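What the coordinates show
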Amino acid sequence: MPGLLRGVARTAVIAGTATAVSNRVSRRQGGRWAQQEAQQQQQAQQQAPPPPPPPAAAPPADDMTTKIEQLKQLSTLKEQGVLTETEFAEQKRRLLG
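The rules behind the values
- Residues numbered from 1 in each chain as written.
- Predicted model: local features only at pLDDT ≥ 70, side-chain atom pairs only at ≥ 80, totals over all residues.
- Heavy atoms only, no water.
- Patch = residues over 30% accessible without salt bridge, like charges linked within 9 Å, V, L, I, M, F, W, Y side chains within 5 Å.
- Areas by Shrake-Rupley, 256 points an atom, 1.4 Å probe, with all protein chains shown as cover.
- Salt bridge = Lys/Arg side-chain N within 4 Å of Asp/Glu carboxyl O.
- Lys, Arg positive; Asp, Glu negative; His and termini not counted.
- Charge placed at Lys NZ, Arg CZ, Asp CG, Glu CD.
- Helix = DSSP H or I, 4+ residues; strand = E, 2+ residues; numbered from the N terminus.
- Buried < 20%, exposed > 50% of the residue type's maximum accessible area, 1.4 Å probe, protein only.
- Phe/Tyr/Trp six-rings, centres within 6.5 Å; stacked < 30°, edge-to-face > 60°.
- Lys NZ or Arg CZ within 6 Å of the ring centre and 35° of its normal.

Considering a positive patch on the surface
A grouping of Arg24, Arg27, Arg28 and Arg32 is seen on the molecular surface, where their side chains present a positively charged patch. Tracing the backbone through its elements, the reader meets arginine 32 in helix α1 (residues 2–47). Overall, the relative accessible area of 44% leaves arginine 32 in the partly exposed class.

Quick look at the packing of aromatic side chains
Evaluation of the coordinates by the stated rule reveals zero aromatic pairs. The side chain of lysine 78 reaches across the aromatic face of phenylalanine 88, ending 4.8 Å from its centre.

Take a look at the structure:
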């Protein structure tokens, strides 16, 4: 029986050692993969071009129509005598400027 017990103990020691080594290798490899992944992400972020700036707001198509309407209103006010020639010129300059 001592030979059987010694064989079982030896097998347990070998299996335990193999498990410990296997776990250590797995943790080390997992750490390396995580480090490589982090480096790749960092490189990708550095190489990625910056996002394009937002497009400049284009003036609305009816912006000119609105200005024309306002000029007509100013002209009407000038014809009615509400605005003087200088006031009309100043408002027109502000509107078109």
